[in-house]
Amino acid sequence: YVLGVDAMKKMSASNVLIVGLKGLGCEIAKNVILAGVKSVALYDPAKVEVTDLSSQFFLHEEDVGKPRAEVSAPRLAELNQYVPVSVVDKEPTPEDIAAYKCVVVTDISLKQKLELSEAAHKNGVCFISTEIRGLFGYTFNDFGEKFVVEDPTGEEPLSGMIADIEQSAEGIVTCLDETRHGLEDGQYVTFSEVQGMTELNACEPRKVNVLGPYTFSIGDTSSLSAYKRGGLFQQVKMPVTVSFSSFTQALENPEFLISDFAKFDRPAQLHVGFQALHAFSSAHDGKLPRPGNDEDAAEVLRLANEINDKWSQKTELDAELLKKLSYQATGDLSPMVAVLGGLVAQEVLKACTGKFSPIQNFMYFDALECLPVGFEPSEEDLAPSGSRYD
């Protein structure tokens, strides 16, 4: 993950807040601290439970009953002595949010997420919401209405030698010895060492229209001097301004980054399913559906149908998929934490540096292929045993 000097400077000036320190929140915090931001603040006053030990590798058995953030902070701080790690004692307010470059929220209610996201959107703070439920997970980005991506690809700028430049309305540039230029439509180039058409040397970046693998157009050159010989073109990376929807807007009108085209219809269903889990949790004092419980799964399906019926982009729901989501709602698996935690940490660094194109809106992910074919465990098989492996 090569950032470069300018991006590292921006990162070293960025403060990050992470809300929720179960497995996923801890994995994100670990990655961001190792990357080297200015500071990381942690908020999670909830008490450590035995089940947290399954995926939160900075917790020990003797920590059960103690506040998660308080216990995790000193161990996370040991990863990088140059990144101060602090614990936020009270629930972050809209005023508190403004002090951070990026806020990441996990394992809190949908209502709390919406409140924090609105505060972040108003204050121009990058907001990321992410969750893992068994083999299901998602991440959502809102980096504001005018987020500038300085370098969308992170690749080295292209360059090449020139054989000819037409003095015409199109300004067709031909590369030397049929060398592929590698440019794409919409990219920009400037020139140097051109003889004859010297007006192009160190000119303002000109937009490229690709005509073929060895030729491209740079617009009207008819008023310039005639080309004689030589010259080099250099690609110029131009900043791109990206507009993000707020979390509230995106819930109603989502855009999905497809992670698996074999599951093209899954994101919309999981979008409804995750909202149904939050509705279930809200109706049961913060508790999620019990593993393998058909009664709870039926209620999640009912809530999903109600949400779907009111949704302007109503989709066809797969009852079996939502049943699996309900069964696994309390699951917190280390491999899923590693995958999504690494992905979200990269999004945090994109938010801090403006380098590489961030995910716009939602990305849903599932790994149901990991389940054995025909695997139908009973509620008794999935009943908690009181150990770290629940």
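In the block above lies the structure referred to throughout.
Since we're looking at a predicted model, the values are computed, not measured.

Enquirer: Any chance you could explain the side chain of aspartate 366 here in plain terms?
Expert: Looking at where aspartate 366 falls in the secondary structure, it is placed in strand S16 (residues 361-366). The buried category is assigned to aspartate 366, whose relative accessible area is 7%. A polar contact of 2.9 Å, which involves the side chain of aspartate 366, links it to the side chain of arginine 266. Polar contacts involving the side chain of aspartate 366 include one to the main-chain amide nitrogen of leucine 368, which spans 3.3 Å.

Enquirer: In this structure, what is going on with empty space enclosed by the protein? I would like to understand it.
Expert: To find leftover empty space, a probe the size of one water molecule is rolled over the atoms. Overall, the coordinates contain one cavity of 30 Å³ or more when judged by the stated rule. In this structure, the largest cavity occupies an estimated 70 Å³ of space. In terms of lining, the largest cavity is formed by Leu110, Lys113, Glu131, Tyr138, Phe247, Leu251, His271, Phe274, Gln275, His278, Phe362 and Tyr364. Mapped by element, the contributors of at least two residues to the lining of the largest cavity are helix H5 (110-122), helix H6 (247-252), helix H7 (266-283) and S16. At four residues, the largest contribution of residues to the lining of the largest cavity is made by H7. Looking at the lining of the largest cavity residue by residue, the class counts come to seven nonpolar, three polar and two charged.

Enquirer: Sorry if this is basic, but what is going on with the sheet that holds S16 here?
Expert: Within a sheet, neighbouring strands are paired by backbone hydrogen bonds and run either parallel or antiparallel to one another. If you walk across this open sheet you meet the seven strands as S3-S2-S1-S4-S5-S6-S16, and the pairing is mixed. Because the sheet does not close on itself, it has two edges, and the strands there are strand S3 (85-87) and S16. Taken over all neighbouring pairs, the strand axes of this sheet differ in orientation by 15 degrees on average, direction set aside. Each of strand S2 (39-43) and S3 touches helix H3 (residues 68-77); the most contacted strand, S3, lies at about 170 degrees to it. H7 contacts strand S5 (126-133), strand S6 (136-142) and S16 of the sheet and is inclined by roughly 90 degrees relative to S16.

Enquirer: What am I meant to see in the state of the cysteines here?
Expert: Linking two cysteines covalently through their sulfur atoms gives a disulfide. Taken as a whole, this structure holds zero disulfides when the rule is applied. In this structure cysteine 175 is a free cysteine whose sulfur lies 15 Å from that of cysteine 203, the closest cysteine sulfur available. Judged by relative accessible area, which is 4%, cysteine 175 ranks as buried. You can call cysteine 203 buried: its relative accessible area is 16%.

Enquirer: I would appreciate a short explanation of the environment of cysteine 203 in the present structure.
Expert: Residue placement: cysteine 203 occurs in the loop between strand S10 (188-192) and strand S11 (206-207). Placed twelve residues apart in sequence, cysteine 203 and phenylalanine 191 show a C-alpha to C-alpha distance of 6.7 Å. Residues in contact with cysteine 203, not counting those within four places in the same chain, are Thr190 and Phe191.

Enquirer: How should I be thinking about the layout of surface pockets in this particular structure?
Expert: By volume, the second largest pocket is sized at about 310 Å³. Taken together, the residues of the lining of the second largest pocket break down into six nonpolar, five polar and five charged.

Enquirer: Teacher, can you tell me more about the sheet that holds strand S9 (residues 172-175) here?
Expert: Taken in spatial order, the seven strands line up as S11-S10-S14-S8-S9-S13-S12 in an open sheet, and their pairing is antiparallel. Lying at the two open borders of the sheet, with one neighbouring strand each, are S11 and strand S12 (209-210). Sheet topology places S10 next to strand S14 (residues 232-236); five bridges connect them, and they run antiparallel. The partner of threonine 190 across the bridge, within S14, is glutamine 234.

Enquirer: Please clarify how the environment of phenylalanine 244 should be interpreted in this entry.
Expert: Inspection of the secondary structure assignment puts phenylalanine 244 in the loop between strand S15 (240-242) and H6. Residue classification places phenylalanine 244 among the buried residues on the basis of a relative accessible area of 4%. Along the sequence, phenylalanine 244 and asparagine 361 sit 117 residues apart, while their C-alpha atoms lie 7.1 Å from each other. Apart from the residues lying within four places of it in its own chain, the contact partners of phenylalanine 244 are His121, Asn141, Asp142, Phe143, Gly144, Glu145, Phe147, Pro358, Ile359, Gln360 and Asn361.

Enquirer: What am I meant to see in helix H10 (residues 334-353) here?
Expert: One turn of the α-helix equals 3.6 residues, which is why residues spaced by three or four share an orientation. The end-to-end C-alpha distance of H10 is 28 Å, a good match for the 28 Å that 20 residues give at a rise of 1.5 Å each. Count one or two residues on from H10 and you reach glycine 354, which has phi positive near 75 degrees.

Enquirer: Quick question: what am I supposed to make of helix H8 (residues 294-310) here?
Expert: The first and last C-alpha atoms of H8 sit 25 Å apart over 17 residues, in line with the 24 Å expected at 1.5 Å per residue. When we look at burial in H8, the residues that qualify are Asp296, Ala297, Glu299, Val300, Leu303, Ala304 and Asn308. The N-terminus of H8 is capped by asparagine 293, whose side-chain oxygen sits 3.0 Å from the backbone nitrogen of glutamate 295.

Enquirer: Can you walk me through a negative patch on the surface in this structure?
Expert: On the surface, a cluster of negative charge is made up of Asp265, Glu316, Asp318, Glu320 and Glu376. As for its position among the elements, aspartate 318 is in the loop between H8 and helix H9 (319-327).

About the criteria used
- Residues numbered from 1 in each chain as written.
- Predicted model: local features only at pLDDT ≥ 70, side-chain atom pairs only at ≥ 80, totals over all residues.
- Heavy atoms only, no water.
- Helix = DSSP H or I, 4+ residues; strand = E, 2+ residues; numbered from the N terminus.
- Buried < 20%, exposed > 50% of the residue type's maximum accessible area, 1.4 Å probe, protein only.
- Polar contact = N/O pair within 3.5 Å; in protein donor to acceptor, adjacent residues only side chain to side chain.
- 1 Å grid on protein atoms, 1.4 Å probe; cavity = no way out; pocket = protein on both sides within 12 Å on 5 of 7 lines; lining within 4 Å.
- Points joined across faces, edges and corners; volume = space filled by probe spheres on them.
- Nonpolar A, V, L, I, M, F, W, Y, C, P; charged D, E, K, R; others polar.
- Pairing = 2+ DSSP bridges.
- Axes fitted to C-alpha atoms, helices over the stretch in contact; angles between N-to-C directions.
- Contact = heavy atoms within 4.5 Å.
- Disulfide = S-S within 2.5 Å.
- Expected span 1.5 Å × (residues − 1).
- Patch = residues over 30% accessible without salt bridge, like charges linked within 9 Å, V, L, I, M, F, W, Y side chains within 5 Å.
- Areas by Shrake-Rupley, 256 points an atom, 1.4 Å probe, with all protein chains shown as cover.
- Salt bridge = Lys/Arg side-chain N within 4 Å of Asp/Glu carboxyl O.
- Lys, Arg positive; Asp, Glu negative; His and termini not counted.
- Charge placed at Lys NZ, Arg CZ, Asp CG, Glu CD.

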